[in-house]
Amino acid sequence: MFHLRATVFQTPSRSTFDHLDDVVISVEDGTIAAIVPAGDFDEAVDVTLDENTVLIPGLIDLHIHAPQWPQLGTGYDVPLDEWLFEYTFPTEAKCADTTYAQEVWDSMVPSLLANGTTTAVYYGSIHVDATTALAQTCIRHGQRAWVGRTAMDHPEGTPDYYRDTTAAEGLAASRASIDAIVALEDPHALVQPIITPRFIPACTDELLTGLGQLAAETGHLVQTHCSENDWEHGYVLERHGTSDTNSLDGFGLLRDSTVLAHGCLLSDDDFAVIAERGAGVAHCPLSNVYFGDAVFPTRRALDAGVKVGLGTDIAGGPSASLLANAARAVDVSRHLENGVDQRAEADVRGVDESRIDATTAFYLATLGGADVLGEPLGLLEPGRRFDAVAISLSDIDTVPGGDTIDRRFEKLVRLAGRRDIGAVWVHGRQVR
Ligand code: GUN
Ligand code: FE
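Per chain, the residues get numbers from 1 upward, laid out in the order the sequence is written. Both sets of labels track the order of writing: A upward for chains, 1 upward for ligands. Thresholds applied to this predicted model are a pLDDT of at least 70 for local features of residues and 80 or more for the giving and counting of side-chain atom pairs; totals over whole chains, interfaces and linings are not thresholded and use all residues. Just so you know, side-chain values use all the structure's heavy atoms and leave hydrogens and water out.

Caption draft 1: The arrangement of the nonpolar core in detail. In this description, a nonpolar core means a group of buried Ala, Val, Leu, Ile, Met, Phe, Trp, Tyr and Cys residues linked to one another through side-chain atoms lying within 4.5 Å. Exposure is judged per residue with a 1.4 Å probe applied to protein chains only, and the accessible area is read against the type maximum: over 50% gives exposed, under 20% gives buried, and values in between give partly exposed. Counting 114 residues, the largest nonpolar core has W105, M108, Y122, I391 and L412 as its most contacted members. Helix and strand assignments follow DSSP, with helices taken as H or I runs no shorter than four residues and strands as E runs no shorter than two, numbered in order from the N terminus. Top element by residues in this core is helix α13 (residues 358-373). It accounts for 10 residues. By definition in these notes, contact holds between two residues if any of their heavy atoms fall within 4.5 Å. Not counting residues up to four positions away in its chain, the partners in contact with I391 are N52, T53, V54, I56, L323, I396, L412, A416, D420 and I421. Of all hydrophobic cores here, the second largest spans 17 residues; its members include V27, L380, A390 and A423.

If you want it as structure tokens, here you go:
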């Protein structure tokens, strides 16, 4: 059992900011056992945060392409289909060399922890060994993670040098990757495999069918890209005569807690199917600026009962910070509400009631992501895992003597970054 004394900022719902002022959190075996006011606690406390530091639930990044880490912040000059072939597939293919891949993972995982990402949902490369090494690296650095070998076998949607040679071979490799990850020694059960068809254009129907069966058989989660932009969405309409959502559903890939990345072009009908299946969306606001062709309607999706969390989409998005993506989620929702073409009349320029606020953005980065994954994370309350991040407000709070608590929270969402992050805990263990 360990006891930590702090003030907590968190969002128990998409519209509620809650602060627990000066409490003691007691943690046993990675799980929160109790939270009581510090004044009512008479045992010794192990850690006390200083009064300018707050504790928040660990950030949950639902969408990261691990092999794209070396590419972060570059290559945003071409559309998605060209970006994949020109920059991304060549970068990912280098992970055939497991020694190289290991260097990338050892640069990335600590950096993400330093950004407050306590839970990461990763696409690995197509390589079983590099992907196993990624899972092992998360365990070693103490990050909670879902790690998926990327499956991709389509002769037109992938390059010759970087694909599963047949559907059967791709399926066998995905099975082998799951087995290898499950077999890792992982005393705190931090890491799980996730079935990862890259997206429909990169996969044959045979592979998609096999991976849907694998999901039903093993019960492991599924992740893929869904209705990301005009090119991708249009391709699926042409190939399968329906939306990504319906197509994935037909392959048995739209399951409880399936993580659908982007979803910029999802329709209301798609939202209804996604909500019905219990799948969720990884909203990647920064990546979508470059590749999405449209703003994901976060508020409409939430109102339709769809679970929504946030993703950096490293390296489709140029920031490794989930907090930066939370702030941008607010910004792009305002672009959607206002509209962006000044030649259009004001009353038709945007989409009314699209804005989200800082509270909703923080919810997406924490409890929203936890709900997508169906895990007891995202909120500091008894029964949930103690994944948490200490954030100093010293450089954020610009008011002499200190701002109001609500405004401190709003400033945290809009202004906090890696430099403000101190200690990080995952499953009750301090990992930074
Ligand atoms: N669609 C298929 N692969 C990718 C990828 O690596 N990044 C993004 N943003 N979209 C994709
Ligand atoms: Fe992506």
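Read on, since the account is not over.
Caption draft 2: Summary view of the packing of helix α3 (residues 128-141) against helix α4 (residues 167-182). The interhelical angle for the contact between α3 and α4, taken along N-to-C directions, is 30 degrees, at an axis separation of 9 Å. Comparing their axes, α4 and α3 come out roughly parallel. Crossing of α3 against α4: the hand is right-handed. Residue-level contacts link V128, T131, T132 and A135 of α3 to A173, A176, S177, A180 and I181 of α4. We call Asp, Glu, Lys and Arg charged. Ala, Val, Leu, Ile, Met, Phe, Trp, Tyr, Cys and Pro are nonpolar, and the rest, Gly among them, are polar. Across the contact of α3 with α4, the residue classes break down as six nonpolar, three polar and no charged. Throughout, an axis means a line fitted to C-alpha atoms (over the contacting stretch in the case of helices), and angles, computed between N-to-C directions, take values from 0 to 180 degrees. Note on angle classes: values under 35 degrees are labelled roughly parallel, values over 145 roughly antiparallel, values of 65 to 115 roughly perpendicular, and the remainder oblique. Helix crossings fall into two classes, left-handed where the near helix is turned counterclockwise from the far one by less than a right angle and right-handed where it is turned clockwise.

Caption draft 3: Examining the site of ligand 1 more closely. By convention in these notes, a residue is near a molecule or strand provided one of its non-hydrogen atoms lies within 4 Å of it. What surrounds ligand 1 is the set H65, Q68, L80, W83, L84, R198, F199, H225, E228, H262 and D313. A distance of 3.4 Å separates an oxygen atom of ligand 1 from a polar side-chain atom of H65. The fraction of the free accessible surface of ligand 1 (280 Å²) that becomes covered by protein chains is 100%. Of all the cavities here, the one that holds ligand 1 is the largest cavity. Residue contributions to the shell around ligand 1 peak at three residues, all from helix α1 (residues 80-93). Looking at the shell around ligand 1, its residues break down into four nonpolar, four polar and three charged. Any pair of nitrogen or oxygen atoms within 3.5 Å is treated as a polar contact; in protein, a donor-acceptor pairing is required on top of that, and neighbouring residues in sequence qualify only through side-chain atoms on both sides. Computed with the Shrake-Rupley method and a 1.4 Å probe, the accessible areas treat only the protein chains shown as cover for residues. Grid spacing is 1 Å over the protein atoms alone, the probe is 1.4 Å, and a cavity is where that probe fits but cannot get out, while a pocket is an open set with protein on both sides within 12 Å along at least five of seven lines and lining residues have an atom within 4 Å of a point. Just a note on the criterion: a molecule sits in a pocket or cavity if more than half of its atoms are within 2 Å of the grid points.

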